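Overview (structure and organization)
Take a look at the letters that make up each chain.
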Amino acid sequence: GNSVTQMEGPVTLSEEAFLTINCTYTATGYPSLFWYVQYPGEGLQLLLKATKADDKGSNKGFEATYRKETTSFHLEKGSVQVSDSAVYFCALSLYNQGGKLIFGQGTELSVKP
Amino acid sequence: ETGVTQSPTHLIKTRGQQVTLRCSSQSGHNTVSWYQQALGQGPQFIFQYYREEENGRGNFPPRFSGLQFPNYSSELNVNALELDDSALYLCASSTTGSDEQYFGPGTRLTVT
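This text gives an overview of the structure that appears in the document. Starting afresh in each chain, residues are numbered from 1 along the sequence in its written order. In the order they appear in the text, chains get letters beginning with A and ligands get numbers beginning with 1. Owing to the predicted nature of the model, reporting of local features is limited to residues with pLDDT of at least 70; listing and counting of side-chain atom pairs is limited to 80 or more, with chain, interface and lining totals taken over all residues. Heavy atoms throughout the structure, all of them, feed into the side-chain values; hydrogens and water do not.

Now for the overall build of chain A. Broken down by element type, chain A carries 0 helices and 12 strands. Counting from the N terminus, the helices are DSSP H or I runs at least four residues long and the strands are E runs at least two residues long. When the helices and strands of chain A are read in sequence order from the N terminus, they spell out β-β-β-β-β-β-β-β-β-β-β-β. Along the first, second and third principal axes, the C-alpha atoms of chain A reach 45 × 30 × 20 Å. Two residues form a contact once any of their heavy atoms are found within 4.5 Å. Contacts spanning at least 24 positions in sequence make up 56% of the contacts within chain A whose residues lie at least 6 apart. Accessible surface computed for chain A: about 5400 Å², of which carbon and sulfur atoms make up 47%. Positive charges are assigned to Lys and Arg, negative charges to Asp and Glu, while His and the chain termini are left out of the count. A charge is said to be at NZ when it belongs to Lys, at CZ for Arg, at CG for Asp and at CD for Glu. Each charge class in chain A can be summarised by its mean position, and for the 9 positive and 11 negative side chains these summaries are 8 Å apart. Reported accessibility uses the Shrake-Rupley method at a 1.4 Å probe radius. Residues are deemed covered only where the shown protein chains occlude them.

What follows deals with the interface of chain B and chain A. Between chain B and chain A, the residue contacts involve 17 residues of the former and 19 residues of the latter. A pairing counts as a salt bridge when a side-chain nitrogen of Lys or Arg comes within 4 Å of a carboxyl oxygen of Asp or Glu. Summed over the shared surface of chain B and chain A, the number is 2 salt bridges. Lys49(A) is the partner of Glu100(B) in a salt bridge, and the nearest nitrogen-oxygen pair spans 3.0 Å. As used in this structure description, the phrase polar contact means that two N or O atoms lie within 3.5 Å; if the pair is within protein, one of them must be able to donate a hydrogen and the other to accept it, and residues adjacent in sequence are counted only when both atoms belong to side chains. At the junction of chain B and chain A, the tally comes to 6 residue pairs in polar contact (both at pLDDT 80 or more). We call Asp, Glu, Lys and Arg charged. Ala, Val, Leu, Ile, Met, Phe, Trp, Tyr, Cys and Pro are nonpolar, and the rest, Gly among them, are polar. Classifying every residue of the side of chain B that touches chain A by side-chain character gives 8 nonpolar, 7 polar and 2 charged.

A few words on the layout of surface pockets. Within this model, the largest pocket holds a volume of roughly 450 Å³. Along its surface, the largest pocket is lined by 26 residues, and Gln38(A), Tyr39(A), Gly41(A), Gln37(B) and Arg108(B) are the ones closest to its centre. Of all the elements in the fold, those that place two or more residues in the lining of the largest pocket are β10 (86-93) and β12 (107-112) of chain A. Using a grid of 1 Å spacing that covers the protein atoms alone, one calls a set of points a cavity when a 1.4 Å probe fits there but cannot get out, and a pocket when the set is open and has protein on both sides within 12 Å along at least five of seven lines; lining residues are those with an atom within 4 Å of a point. Grid points are joined across faces, edges and corners, and a volume is the space filled by probe spheres set on the points.

Hydrogen bonds between backbone groups are what pair the strands of a sheet, and the pairing can be parallel or antiparallel. Residue and element names in this part refer to chain A. The 4 strands lie next to each other as β3-β9-β8-β7, forming an open sheet whose pairing is antiparallel. The strands lining the two open edges of the sheet, one partner per strand, are β3 (19-21) and β7 (56-59). Direction aside, the axes of adjacent strands within the sheet are offset by 15° on average. Strand pairing is defined by DSSP finding a minimum of two bridges between the two strands. In the sheet, strand β8 (residues 62-65) pairs with strand β9 (residues 75-77) via 3 bridges, with the strands oriented antiparallel. Counterpart to glutamate 63 in the pairing with β9 is glutamate 76. For every element, the axis is a line fit to its C-alpha atoms; helices are fit only across the contacting stretch, and the angle between N-to-C directions ranges from 0 to 180 degrees.

Residues and elements named next belong to chain A. Three labels apply to residues, based on accessible area from a 1.4 Å probe with only protein chains included: buried if under 20% of the type maximum, exposed if over 50%, partly exposed otherwise in between. On strand β4 (residues 23-26), burial follows the alternation: Cys23 and Tyr25 on one face are buried, whereas Thr24 and Thr26 on the facing-out side are not. Bridge analysis of strand β1 (residues 3-6) against β4 gives 4 bridges, and the strand direction is antiparallel. Looking across to β4, one finds that glutamine 6 is bridged to cysteine 23.

Trp35(A), Leu48(A), Phe73(A), Leu75(A) and Tyr88(A) are the most contacted members of the largest nonpolar core, which totals 27 residues. Sorting the residues of this core by element identifies β2 (11-14), β3, β4, β5 (32-38), β6 (44-50), β8, β10 and β12 of chain A as the ones contributing at least two each. Ranked by residues supplied to this core, first place goes to β10(A) with 4 residues. In terms of nonpolar packing, the next biggest core, distinct from the first, is built from 19 residues, Val19(B), Leu21(B), Phe47(B) and Val78(B) among them. As used in this record, nonpolar core signifies buried Ala, Val, Leu, Ile, Met, Phe, Trp, Tyr and Cys residues forming a set joined through side-chain atoms within 4.5 Å.

Bringing the sheet that holds strand β8 (residues 74-78) of chain B into the picture now. Residues and elements named next belong to chain B. Strand order in this open sheet of 4 strands is β1-β3-β8-β7, and the pairing throughout is antiparallel. Each having just a single partner strand, β1 (5-7) and β7 (64-68) make up the two edges of the open sheet. Taking the axes of each pair of neighbouring strands and ignoring which way they run, one obtains an average angle of 20° across the sheet. Summarising the sheet, β7 and β8 pair through 5 bridges and their orientation is antiparallel. Directly across from serine 65, in β8, lies its bridge partner asparagine 77.

Once that is clear, we can look at the pattern of salt bridges. In this structure the tally under the stated criterion is 9 salt bridges over all chains. Linking Glu63(A) and Lys56(A) is a salt bridge whose minimum nitrogen-to-oxygen distance equals 3.6 Å. For Lys56(A), a relative accessible area of 52% corresponds to the exposed category. Here the salt bridges share partners, and the residues they tie into one network are Lys49(A), Asp99(B) and Glu100(B).

We call Phe, Tyr and Trp rings a pair once their centres come within 6.5 Å, taking the six-membered ring for Trp, and we label the pair stacked below 30 degrees between planes, edge-to-face above 60, and tilted otherwise. Applying the stated criterion across every chain yields a total of 12 aromatic pairs over all chains. Note on Phe89(A) and Phe103(A): the rings are 6.2 Å apart at their centroids and 90° apart in plane angle, and the pair reads as edge-to-face. Highlighted residues: Phe89(A) in strand β10 and Phe103(A) in strand β11 (residues 101-103), separated in sequence by 14 residues. The same class applies to Phe89(A) and to Phe103(A), which are both buried. Considering the side-chain rings of Tyr35(B) and Phe45(B), the 5.7 Å spacing of their centres and the 65° angle between planes classify their relative orientation as edge-to-face. Taken together, the positions of Tyr35(B) in strand β4 (residues 31-37) and Phe45(B) in strand β5 (residues 44-50) put the pair 10 residues apart, joining distant regions of the chain. Exposure class is identical for Tyr35(B) and Phe45(B). Each is buried. Of the aromatic side chains, those joined through ring pairs into one cluster are Phe34(A), Tyr36(A), Phe89(A), Phe103(A), Tyr35(B), Phe45(B) and Phe103(B).

Set out below in structure tokens:
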């Protein structure tokens, strides 16, 4: 079946540290891949996406590259800020499934000053 | 441009009761999807509505049902509530042919 696996959290970093959150997927077909962010007490916000192999999604200093050969979509940021503290979700959707999103379990990030 | 809104924000119900949650889609969006997010977990797809018809369903029992109205707003109904139904219920809207979904703030349902 189709699924998404993320690295377990929580991840605790100091401000200005480099961030990597690993995400791998299993899919029958060619999925679109997404990162969503959820701040405390809020819904999910689309952070970035990539729709085909080797595409790089980027937004607000975050980047992720669609790697078909390793079925991965790792999230990176060069220098995190306290305001980046949130839960990050990796997700996929398949065109032939009407855009239904399949999420990973989420990775909590805590950035300390 | 108005984003996705949901009501109510919080709700407390007793086991066996019924509940209705409401969602208004983002302006210009004609498709609504509902997700259940248990504490500490990723959201799970419940179902999607397009043109007032159910257009895909996840692994949820029939006591989870929905409606979509001509203005694209939507309701999620849950009958015979169980303790495990306690969760954050998220609504997301999108447009035909787009793979981007935009989420509302959610309704926190507690079943006691």
